[in-house]
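Fold and contact review
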Amino acid sequence: MILVVGATGGVGKRVVKLLIDGGQEVRVLVRDVPRAKKLFQAWFGGRLPDRLEFFGGDLTIRESLTPALMARVTAVICCSGTKVQPVEGDTPQREKYYQGLKFYLPEVVDVPEQVEYEGIKNLLAVVKEHIQPKENTLIDFRQTDSPRLAWYSVDDGVMGGVSASQWQLTGDRALFTGEVSTANNGGFASVRSPNFEPALDLSYAEGIQLRIQGDGKRYKFIIRSQNDWDGLSYCYSFDTFNNRPQTVCIPFQQLIPVFRAKTVPEKGPFNSAQVSAFQLMHSKFEYDGGLNPSFSPGIFGLEIESIKTYANPLTPQFIHVSSAGVTRPDRPGLNLDEEPPAVRLNDQLGGILTWKLRGEDAIRGSGLTYTIVRPCALTESENPEMMQFAQGDNLRGQVSRWAIAKLCVDSLQWAEAGGKTFEVSAREPGRNQAAWPFLLKQLNFDQR
Ligand SMILES: NC(=O)c1ccc[n+]([C@@H]2O[C@H](COP(=O)([O-])OP(=O)(O)OC[C@H]3O[C@@H](n4cnc5c(N)ncnc54)[C@H](OP(=O)(O)O)[C@@H]3O)[C@@H](O)[C@H]2O)c1
């Protein structure tokens, strides 16, 4: 079941059509159910499709978004937007608004802060109660008050060695530093988290993601499923860049079962439903007597910003149609004559783009796997269009509502779209067009 928000709008009704024609079950959140039924009856040639469900509610009224809205929903496509109309008024079918070629001085009918920001926050709250985020922060070392931050050193002194490590919280990261010595047959230093009570159930995820900055040395990330101090552990070795931030992904499937540096494959794969502690180690040793190929004794240092879970595929759970131009209203040096009306008239339109950006920020911070599509001026064109994507919010031009609807529906299947915000406009004819997933793959993930 896909939930479509803003389904009675120009993009939304096309999204519904494409989903239903593709055999999908669809629920629409609409403010006026009888009006929406009439619209979709006409849109589907006189008969409402069986797979289409109506839910009466308003984004700006949190209580109207009850849990029933999300029953069986696996993903959301959100095409809602503040209602805008010509100052002189429009026809019941909003022809002036939709034809989009002749300029009519616009005015907002609803309050942008309510629809674009508070409304999106209300929607995210109910969505997150029912769709488990694929990315989830387990430990944020920029915080200061969680018991999960109180890691402690476990060095080779336990076997007679003289290596020593320290654990320090600086306010914006944790520092694992120390000196490893091979004297007395030693050669490792580590820090270990307190046991998690209760153990964490991470079975929804694919693995762990570390945000770190290292020193060019190799480290181990160790996870335990049991509370015993000297029990079975699951290990993953990773190399760091020297003094450059990086994200390390640790797939649960690649964790090696280890007991006292010896692998124990008979223990089977890691049980991610039961995670009771983490450990970071810098060691001379790999596994079963093997040596760390990049090891040299001496001082080391690893900075850790966060530990998160991640999931694959990163197919979007929440697809949002925003707008090109959302970052432009306060941009210095902007030539307003070249900008679309929404940018020029942002203040007169209740800060519509400013609030759209705030809504985007709420989505990016939600933990859900999202895709934020920022179309340029929308048209009613029926012709299939080639599209171009861009990031940085400098794209100008037009694109059809059909093309945007198709992009949203197709993106449900594309892991390449997850975690990205990008602008879209029609591409000039005649230029080579690569397949959309390929173009999406070339876009950067959002920095959050
Ligand atoms: N027009 C452009 O050139 C342009 C360019 C770039 C981006 N955009 C943005 O792209 C998005 C889609 O555009 P569009 O032309 O499809 O928009 P649209 O036709 O104006 O549709 C907006 C939809 O949002 C719904 N909605 C508004 N307030 C709501 C609320 N409080 N609760 C629930 N639903 C609510 C409307 O429902 P009702 O039927 O009940 O009013 C309608 O279904 C919008 O966000 C728009 O701002 C537009």
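Residues numbered from 1 in each chain as written. Predicted model: local features only at pLDDT ≥ 70, side-chain atom pairs only at ≥ 80, totals over all residues. Heavy atoms only, no water.

1. Focus: the nonpolar core
With 40 residues, the main nonpolar core has Val15, Val16, Ile77 and Phe389 as its most contacted residues. Ranked by the residues each element gives to this core, the list is headed by helix α7 (residues 401-411), at six residues. Once you skip the residues sitting within four places of it in the chain, Phe389 turns out to touch Leu407, Phe422, Glu423, Val424, Trp436, Leu439, Leu440 and Leu443. Listed in part, the 39 residues of the second largest apolar core include Phe141, Ala189, Leu302 and Ile304. (Core = buried A, V, L, I, M, F, W, Y, C linked by side-chain atoms within 4.5 Å. Buried < 20%, exposed > 50% of the residue type's maximum accessible area, 1.4 Å probe, protein only. Helix = DSSP H or I, 4+ residues; strand = E, 2+ residues; numbered from the N terminus. Contact = heavy atoms within 4.5 Å.)

2. A closer look at the packing of aromatic side chains
Per the stated rule, a full pass over the model turns up 17 aromatic pairs. When the ring of Trp151 is compared with that of Trp167, the centres are 4.9 Å apart and the planes differ by 10 degrees; the resulting orientation is stacked. Of this pair, Trp151 sits in the loop between β7 (136-140) and β8 (152-153) while Trp167 sits in strand β9 (residues 164-169); the two residues are 16 residues apart in sequence, bridging distant segments of the chain. Centre to centre, the rings of Phe176 and Tyr219 are 6.2 Å apart; their planes meet at 65 degrees, and the pair counts as edge-to-face. Highlighted residues: Phe176 in strand β10 (residues 174-180) and Tyr219 in strand β13 (residues 218-224), separated in sequence by 43 residues. Taking the relative accessible area as the measure of exposure, Tyr219 reaches 1% and is therefore buried. Within the aromatic cluster, the residues linked to one another by ring pairs are Phe176, Tyr219, Phe238 and Phe300. Above the ring of Trp43, the side-chain terminus of Lys13 is found at 4.7 Å from the ring centroid. Its guanidinium or amino end placed over the ring of Phe445, Lys420 lies 4.8 Å from that ring's centre, counting from NZ or CZ. (Phe/Tyr/Trp six-rings, centres within 6.5 Å; stacked < 30°, edge-to-face > 60°. Lys NZ or Arg CZ within 6 Å of the ring centre and 35° of its normal.)

3. Structural notes on the packing of helix α1 (residues 10-21) against α7
Two elements in contact, α1 and α7, have axes whose closest approach is 8 Å; the angle formed by their N-to-C orientations is 50 degrees. Relative to α7, the element α1 is oriented oblique. Note that α1 runs across α7; the crossing there is right-handed. Residues Gly10, Val11, Arg14, Val15, Lys17, Leu18 and Leu19 of α1 touch α7, and the partners they reach there are Arg401, Trp402, Ile404, Ala405, Lys406, Cys408 and Val409. For the contact of α1 with α7, a count of residues per class yields nine nonpolar, one polar and four charged. (Axes fitted to C-alpha atoms, helices over the stretch in contact; angles between N-to-C directions. Parallel < 35°, antiparallel > 145°, perpendicular 65-115°, else oblique. Left-handed = near helix turned anticlockwise from the far one by under 90°. Nonpolar A, V, L, I, M, F, W, Y, C, P; charged D, E, K, R; others polar.)

4. Some remarks on unusual backbone geometry
Note on backbone geometry: most residues besides glycine have negative phi, and most peptide bonds are trans. At the junction of Glu197 and Pro198, the peptide bond is cis and its omega measures out at -5 degrees in the coordinates. We note that Asn184 has phi near 60 degrees; this positive angle belongs to a residue other than glycine. With respect to the secondary-structure elements, Asn184 resides in the loop between β10 and β11 (188-192). Here Asn243, not a glycine, exhibits a phi torsion of approximately 60 degrees, which is positive. Mapping Asn243 onto the fold places it in strand β15 (residues 242-251). The exposure class of Asn243 is exposed, given its relative accessible area of 54%.

5. Re the UniProt feature "domain: NAD(P)-binding" (unreviewed entry) in the protein
Summarizing the sequence annotation, UniProt attributes the feature "domain: NAD(P)-binding" (unreviewed entry) to residues 6-126 and 317-413 in the numbering used throughout. Secondary structure over residues 317-413 splits into 29% helix and 21% strand, and the C-alpha atoms at its two ends are 10 Å apart. (UniProt positions renumbered as here; feature names shortened; annotations may be inferred.)

6. With respect to the pattern of salt bridges
Under the counting rule described, the total for this entry stands at 27 salt bridges. With a shortest N-O distance of 3.9 Å, Arg173 and Glu305 are connected by a salt bridge. Pair noted here: Arg173 is in the loop between β9 and β10 and Glu305 is in strand β19 (residues 298-310), with a separation of 132 residues, a long-range link. Between Arg331 and Asp393 there is a salt bridge; the shortest N-O distance is 3.9 Å. (Salt bridge = Lys/Arg side-chain N within 4 Å of Asp/Glu carboxyl O.)

7. Regarding the environment of Phe54
Checked against the element boundaries, Phe54 lands in strand β3 (residues 52-56). For the pair Phe54 and Ile2, spaced 52 residues apart in the sequence, the C-alpha separation amounts to 12 Å. Beyond its immediate stretch of four places on either side in the chain, Phe54 contacts Val28, Val30, Val33, Ala36, Lys37, Phe40 and Leu48.

8. Quick notes on the sheet that holds β8
Ordered in space as β8-β11-β18-β13-β14-β16-β17, the seven strands form an open sheet in which the pairing is antiparallel. Bordering the open sheet on either side are β8 and β17 (262-263), each of which pairs with just one other strand. Inspection of the sheet shows strand β14 (residues 233-239) paired to strand β16 (residues 256-259) by three bridges, in the antiparallel sense. Bridge pairing in β16 places Tyr234 opposite Pro257. (Pairing = 2+ DSSP bridges.)

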